[in-house]
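Read off the chains here:
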Amino acid sequence: MNADDMKHMGPGTRAVHAGQAPDPSTGAVMTPIYQTSTYAQASPGDHKGFEYGRVSNPTRTALEGNLAGLEGATHGICFASGVAATDAIARCLRPGDHILASNDLYGGTYRLFRQVFGPFGITSDFVDMSTVAGVEAALKPETKLLWIETPTNPLVRVVDMKALVDLAHSRGIAVAVDNTFATPILQRPIEFGADLVVHSTTKYLGGHSDVIGGAVLTNSDEWADKLRFLVKSAGAVPGPMDCFLTLRGTKTLDVRMERHCSNAQAIAEYLEADARVGQVYYPGLASFEGHELAARQMDGFGGMVSFLLADDSIDAAYRVLSSTKVFTLAESLGGVESLMNHPATMTHASIPAEERRAAGLHDALIRLSVGIETQEDLIRDLEAALSKA
Ligand code: P1T
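Residues numbered from 1 in each chain as written. Predicted model: local features only at pLDDT ≥ 70, side-chain atom pairs only at ≥ 80, totals over all residues. Heavy atoms only, no water.

> For this particular structure, what's the right way to read the packing of helix H4 (residues 82–90) against helix H5 (residues 107–117)?
Describing two packed helices takes the angle between their axes plus the distance from one axis to the other. Packing of H4 against H5 leaves a shortest axis separation of 10 Å and a crossing angle of 45 degrees. The angle between the axes of H4 and H5 places the two elements in the oblique class. Crossing geometry of H4 relative to H5 is assigned as right-handed. Of the residues in H5, those touching H4 at Val83, Thr86, Asp87 and Ala90 are Thr109, Leu112, Phe113 and Phe117. Classifying every residue of the contact of H4 with H5 by side-chain character gives five nonpolar, two polar and one charged. (Axes fitted to C-alpha atoms, helices over the stretch in contact; angles between N-to-C directions. Helix = DSSP H or I, 4+ residues; strand = E, 2+ residues; numbered from the N terminus. Parallel < 35°, antiparallel > 145°, perpendicular 65-115°, else oblique. Left-handed = near helix turned anticlockwise from the far one by under 90°. Contact = heavy atoms within 4.5 Å. Nonpolar A, V, L, I, M, F, W, Y, C, P; charged D, E, K, R; others polar.)

> Which parts of the structure should I look at to understand the site of the ligand?
Among the 17 residues in the neighbourhood of the ligand, the closest are listed as Asp178, Ser200, Thr202, Ser332 and Arg367. Here an oxygen atom of the ligand sits 2.6 Å away from a polar atom, N or O, in the side chain of Thr202. Within the side chain of Arg367, one N or O atom sits 2.8 Å away from an oxygen atom of the ligand. Protein coverage of the free-state accessible area of the ligand, which is 480 Å², stands at 93%. Taken together, domain 1 (3–250) and domain 2 (253–386) each give at least three residues to the shell around the ligand, which thus spans both. (Near = heavy atom within 4 Å. Polar contact = N/O pair within 3.5 Å; in protein donor to acceptor, adjacent residues only side chain to side chain. Areas by Shrake-Rupley, 256 points an atom, 1.4 Å probe, with all protein chains shown as cover. Domains from an automatic or database assignment.)

> Explanation requested: empty space enclosed by the protein in the structure shown.
Unoccupied space between atoms shows up once a probe the size of one water molecule is rolled over them. Going through the model one piece at a time under the given rule, you end up with three cavities of 30 Å³ or more. Approximately 50 Å³ is the volume found for the largest cavity. Around the largest cavity, the lining residues are Leu63, Leu67, Cys78, Phe79, Thr201, Ile212, Gly213, Gly214, Pro238, Asp242, Cys243 and Thr246. When residues of the lining of the largest cavity are traced back to their parent elements, those giving at least two are helix H3 (58–71), strand S1 (75–79) and helix H10 (240–250). Ranked by residues supplied to the lining of the largest cavity, first place goes to H10 with three residues. (1 Å grid on protein atoms, 1.4 Å probe; cavity = no way out; pocket = protein on both sides within 12 Å on 5 of 7 lines; lining within 4 Å. Points joined across faces, edges and corners; volume = space filled by probe spheres on them.)

> Where do I start with the packing of H3 against H10 in this structure?
In contact at an axis separation of 8 Å, H3 and H10 are set at 35 degrees when each is read in the N-to-C sense. Along this stretch, H3 crosses H10, giving a crossing that reads as left-handed. Facing H3, whose interface residues are Thr59, Arg60, Ala62, Leu63, Asn66, Leu67 and Leu70, H10 presents Pro240, Cys243, Phe244, Thr246, Leu247 and Thr250. The residue inventory of the contact of H3 with H10, partitioned by class, reads eight nonpolar, four polar and one charged.

> When you look at the domain arrangement of the protein chain in this model, what are you seeing that I'm missing?
Size of an interface, as often reported, equals the accessible area lost when the parts are brought together. Domains assigned within the protein chain are domain 1 (3–250) and domain 2 (253–386). Inter-centroid distance (C-alpha atoms) of domain 1 to domain 2 is 25 Å. Taken together, the 42 residues of domain 1 in the interface contact 41 residues of domain 2. The contact between domain 1 and domain 2 buries some 3300 Å² in all, and 61% of this surface belongs to carbon and sulfur atoms. Residue Asp299 pairs with Arg188 through a salt bridge whose shortest N-O separation is 2.8 Å. Counting the contacts that link domain 1 with domain 2 gives 19 residue pairs in polar contact (both at pLDDT 80 or more). Those elements that place two or more of their residues in the side of domain 1 that touches domain 2 are helix H2 (11–17), H5, helix H8 (183–186) and H10. Broken down by element, the residue count for the side of domain 1 that touches domain 2 peaks at six residues, all from H5. By residue class, the composition of the side of domain 1 that touches domain 2 is 20 nonpolar, 16 polar and six charged. (Buried area = accessible area lost by both parts, 1.4 Å probe. Salt bridge = Lys/Arg side-chain N within 4 Å of Asp/Glu carboxyl O.)

> Sorry if this is basic, but what is going on with the environment of Asp381 here?
Tracing the backbone shows Asp381 in helix H15 (residues 375–386). Residue classification places Asp381 among the buried positions, given a relative accessible area of 6%. The spacing of Asp381 and Lys325 is 56 residues in sequence and 6.4 Å in space, taken between C-alpha atoms. From its side chain, Asp381 meets the backbone nitrogen of Lys325 in a polar contact 2.7 Å long. At 2.9 Å, the side chain of Asp381 and the backbone nitrogen of Phe327 are in polar contact. (Buried < 20%, exposed > 50% of the residue type's maximum accessible area, 1.4 Å probe, protein only.)

> Looking at this structure, how should I read H10?
Residues that lie three or four places apart on an α-helix share one face, since the helix turns once every 3.6 residues. Taken together, the buried positions of H10 are occupied by Pro240, Cys243, Leu245, Thr246, Leu247, Gly249 and Thr250. Looking at the buried positions of H10, the neighbouring elements they touch are H2, H3 and helix H11 (253–272).

> Where do I start with the sheet that holds S1 in this structure?
Each strand in a sheet pairs with its neighbour through backbone hydrogen bonds, running either in the same direction (parallel) or in the opposite one (antiparallel). Pairing within the open sheet is mixed, and its seven strands lie in the order S1-S7-S6-S5-S4-S2-S3. Of all the strands in the sheet, just S1 and strand S3 (123–127) have a single pairing partner and so form its edges. Averaged over all neighbouring strand pairs, the angle between strand axes comes to 20 degrees, with direction disregarded. Relative to strand S7 (residues 214–218), strand S6 (residues 196–200) runs antiparallel, the two sharing five bridges. Bridge assignment links His199 to a residue of S7, and that residue is Ala215. In the packing of H3 onto the sheet, contacts are made with S1, S6 and S7, and the angle to S1 comes to roughly 125 degrees. (Pairing = 2+ DSSP bridges.)

Dropping the structure here:
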């Protein structure tokens, strides 16, 4: 199937087939792991489209085509990690430029913008993106990039992509959406006008917690050229084995997301009904602020749930974080196995405590990445842990 055929296919078909065809030299149905650093040339410049492994690799090309197909993009560019993908986009800015990002976002993105790009004269601010007016007020004449996460990490706030894209484009500002939490099964930011879609493929796309990777998907030839130039020149590329593992992961993305969503919905409802639990953050709850917007712009509410205990002390949170048997206490998310995380000391520790708190991220917040295990086992595990709170 070519890219035109693929446009008419559903997400499950795209996940399995986009970017991949039987290997032309052997007919191998699954994309081989082209474990090579270089490619033979018949005479200088006479080659089969591949010259050197940093620039391109057929396993990587298949993954790039697959991810582009899933996001409805014409270009896919893969990186060694999610932060390497973010880094490449920020490298396209110039000293004096300004990034406006969500104040609830992955801590590593904050650290990259502030501590790595700040000293090069690229400034950044982090604001609540729940209202267009709030974002508009924070824009500066030098703002060149609007960085959206939706749902956000870790408070799963839902951001109105269409409204913010319209605002940014009216000022000539590029929009990047980190779609890691939603995945292209649940939301495709390009449909809302985003210029760039970013993924930590380490998460749901890989899906098995066994590989680190990142990707940028775009319909812009200009952005794709800039990013491919950076792939070649800065070299943060994923190896062929990692691309193969990620490609193996995306084949089951559609079915995995169904289970992540149904398990997360059941867990969020269970937690909301329990007196030992305080606020529950999940876009699938009718009581959640972003619920209606999520229902409009997403095809499901995702697998990430955060919550506070009614006793919102750190001690009580630590007791719960240390007493589960099915949920594993670990950073990361999006794998088949359920994980539990304490953002304040783990994934978001690089954001200064005052800024975290001002953004609504409580020190005792617990974040769940709900896996695909049997639902009753997950709920029993949480029940036992809550009894220790
Ligand atoms: O870990 P890496 O593949 O480099 O991806 C960075 C990244 C980018 N964007 C989002 C929304 C992310 O959540 C992450 C990584 N996040 C975690 C490790 C975490 O546990 O939140």
